[in-house]
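Examining the three-dimensional arrangement
Next come the chains, spelled out residue by residue.
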Amino acid sequence: MDEREARASLKDLGERLAKARGEHAPKLAMRGAAPTSSALAFGLRIGLELVVAVVVSVAIGWAIDGWLGTKPLAMVVMFFLGVAAGMWNVYRAVAGMGSKVGARGGIAGAAGDDEDED
Amino acid sequence: MALELHPLEQFVIKPIVPLHIGKLDISFTNSALLMTIAVLLATAVVVIGTRREELVPSRIQSLGELAYEFIGNMIDETVGTDGQRYFPFVFTLFMFILFGNVLGLIPFGYTFTGQLIVTFAMAAVVFVGVTLIGIWRHGWRFLSFFVPHGVPIVLLLLLVPIELLSYLIRPFTLSIRLFANMLAGHTMLAIFGGFAASIGILGLLPLGLDVLIFFLELLVAVLQAYVFTILTCLYLNDAINLH
């Protein structure tokens, strides 16, 4: 294959690729690049969210109690706040609202699958 | 039956070159050795991969290009083109964790991502960095991040602390997720390996299982590097594109 022929064939390939991409673009964008591994990654992420939220908040509450001598008030308050924050994080991740309540529209729409993950 | 099982022994840090400055122990350890190897290998992939750019890439070139495009697209999709200026950091983070995770699967090696302090240090850098970027870009307006839209003021008293808390928790979930996955996987491998060694001919069963778990761990190693990186991107997105 001489060079001109190779170039023509490459050009042809490029055109076919562009056409195929155009046909599949909406579907691909909807499902994300790697649907299976994304789903698995998503599942692995979610489980931890709630537990860590509670543990960290109770630890913070315990430290506050230590400083202010308000045992066990801060710890109890922080426990409930931690449960709420953990559930809130999980809910946001599952509902695909992005990692912030107000985050919506533009990027969230364009990012598709990836944005769902937090 | 005396089973000699020490599944956690693989995580012990052993000094290779003892170094002490005063009371400070800065010995070169097995953990440091693997980190160095990870950095060198990751650098080699990128440097050697781009040395001779060919139309039909060699294996190492396509590996480098694949990783580069993967991270580039990830930032584009989650943060937008604005985030590309942080590409070097995100790419470095991804390669470091990826090589650390996968190198750890080599027998008699060491998994430095199975140390909480290592993953927490990385997560803390991400957390502090992202927060600073947010403050630098938006100034005081960054604090509005913790105030949900369209909520009665009475509810804000409850919601703002919750938002603040869920923000502060990020470095912990980020680091514990990677650490726990690595720790659990490698411990499981070691336990089944111990069974295989101690129960004779029946040991073929746990040995076979170990092989399967190994492939699962390979998947987890890559997946957790991906998860750590994409969460970094999402946090970056929050700081850059304040709602």
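The preceding data block contains the structure.
Here's a quick rundown of the structure. (Residues numbered from 1 in each chain as written. Chains lettered and ligands numbered in written order. Predicted model: local features only at pLDDT ≥ 70, side-chain atom pairs only at ≥ 80, totals over all residues. Heavy atoms only, no water.)

A water-sized probe rolled over the atoms picks out the places where empty space is left. Residue and element names in this part refer to chain B. Counted according to the given criterion, the structure contains two cavities of 30 Å³ or more. The computed volume of the second largest cavity comes to approximately 30 Å³. What lines the second largest cavity is Val126, Phe127, Val130, Tyr167, Arg170 and Tyr235. Counting residues per element, the lining of the second largest cavity draws most heavily on helix α4 (residues 116-138), which supplies three residues. By residue class, the composition of the lining of the second largest cavity is five nonpolar, no polar and one charged. (1 Å grid on protein atoms, 1.4 Å probe; cavity = no way out; pocket = protein on both sides within 12 Å on 5 of 7 lines; lining within 4 Å. Points joined across faces, edges and corners; volume = space filled by probe spheres on them. Helix = DSSP H or I, 4+ residues; strand = E, 2+ residues; numbered from the N terminus. Nonpolar A, V, L, I, M, F, W, Y, C, P; charged D, E, K, R; others polar.)

Bringing a nonpolar patch on the surface into the picture now. Residue and element names in this part refer to chain B. A contiguous nonpolar patch, built from Ile16, Val17, Leu19, Ile21, Leu24, Ile26, Leu33, Ile37 and Leu41 and spanning about 750 Å² of accessible area, is present on the exposed surface. At the level of elements, β1 (15-17) and α1 (30-51) are the ones that each hand at least two residues to the nonpolar patch. Counting residues per element, the nonpolar patch draws most heavily on α1, which supplies three residues. (Patch = residues over 30% accessible without salt bridge, like charges linked within 9 Å, V, L, I, M, F, W, Y side chains within 5 Å. Areas by Shrake-Rupley, 256 points an atom, 1.4 Å probe, with all protein chains shown as cover. Salt bridge = Lys/Arg side-chain N within 4 Å of Asp/Glu carboxyl O.)

Residues and elements named next belong to chain B. By volume, the second largest pocket is sized at about 620 Å³. Together, 21 residues line the second largest pocket, and Gln10, Pro107, Phe108, Gly109 and Ala190 are the ones closest to its centre. Those elements that place two or more of their residues in the lining of the second largest pocket are α6 (170-198) and α7 (204-240). Top element by residues in the lining of the second largest pocket is α6. It accounts for three residues. Considering only residue class, the lining of the second largest pocket consists of 11 nonpolar, seven polar and three charged.

Within the secondary structure, B:Thr50 is located in helix α1. Remark: the alpha-carbon pair of B:Thr50 and B:Ile97, spanning 47 residues in sequence, is separated by 21 Å.

Bringing α1(B) into the picture now. Residues and elements named next belong to chain B. For α1, spanning 22 residues, the distance from its first C-alpha to its last is 31 Å, which sits close to the expected 32 Å at 1.5 Å a residue. Of all the residues in α1, the buried ones are Asn30, Ser31, Leu34, Ala38, Ala42, Val45 and Gly49. Taken around the axis of α1, the buried residues stretch over an arc of 115°, which confines them to a single face. Facing away from the buried surface of α1 by more than 90 degrees, the exposed residues are Leu40 and Arg51. (Expected span 1.5 Å × (residues − 1). Buried < 20%, exposed > 50% of the residue type's maximum accessible area, 1.4 Å probe, protein only. Arc of directions from axis to C-beta.)

Attention now moves to helix α2 (residues 59-78) of chain B. Across its 20 residues, α2(B) extends 28 Å between first and last C-alpha, which sits within 8% of the 28 Å expected from 1.5 Å per residue. Looking one or two places after α2(B), you find B:Gly80, whose phi comes out positive at around 100°.

Further remarks concern the nonpolar core. Counting 55 residues, the largest nonpolar core has B:Ile71, B:Met95, B:Met122, B:Phe228 and B:Leu236 as the members making the most contacts within it. Looking at this core, the elements with two or more residues in it are α1, α2, α3 (87-103), α4, α6 and α7 of chain B. The element best represented in this core is α7(B), accounting for 15 residues. Filtering out sequence-adjacent residues up to four positions away, B:Leu236 remains in contact with B:Val79, B:Tyr86, B:Val90, B:Val130 and B:Ile133. Of all hydrophobic cores here, the second largest spans 10 residues; its members include A:Leu48, A:Ala53, A:Val56 and B:Ile162. (Core = buried A, V, L, I, M, F, W, Y, C linked by side-chain atoms within 4.5 Å. Contact = heavy atoms within 4.5 Å.)

Take the packing of aromatic side chains next. Residues and elements named next belong to chain B. On inspection of all chains with the given rule, the structure shows 18 aromatic pairs over all chains. For the ring pair Phe142 and Tyr167, a centre distance of 6.4 Å and an interplane angle of 70° mean the geometry is edge-to-face. You can see Phe142 sitting in the loop between α4 and α5 (153-168) and its partner Tyr167 sitting in helix α5, a full 25 residues away along the chain. Both residues of the pair, Phe142 and Tyr167, belong to the buried class. A ring pair is formed by Phe214 and Phe215, whose centres lie 6.1 Å apart and whose planes are at 85°; its orientation type is edge-to-face. Residue classification places Phe215 among the exposed residues on the basis of a relative accessible area of 52%. Taken together, the aromatic side chains of Phe127, Phe142, Phe145, Phe146 and Tyr167 make up a single cluster linked through ring pairs. (Phe/Tyr/Trp six-rings, centres within 6.5 Å; stacked < 30°, edge-to-face > 60°.)

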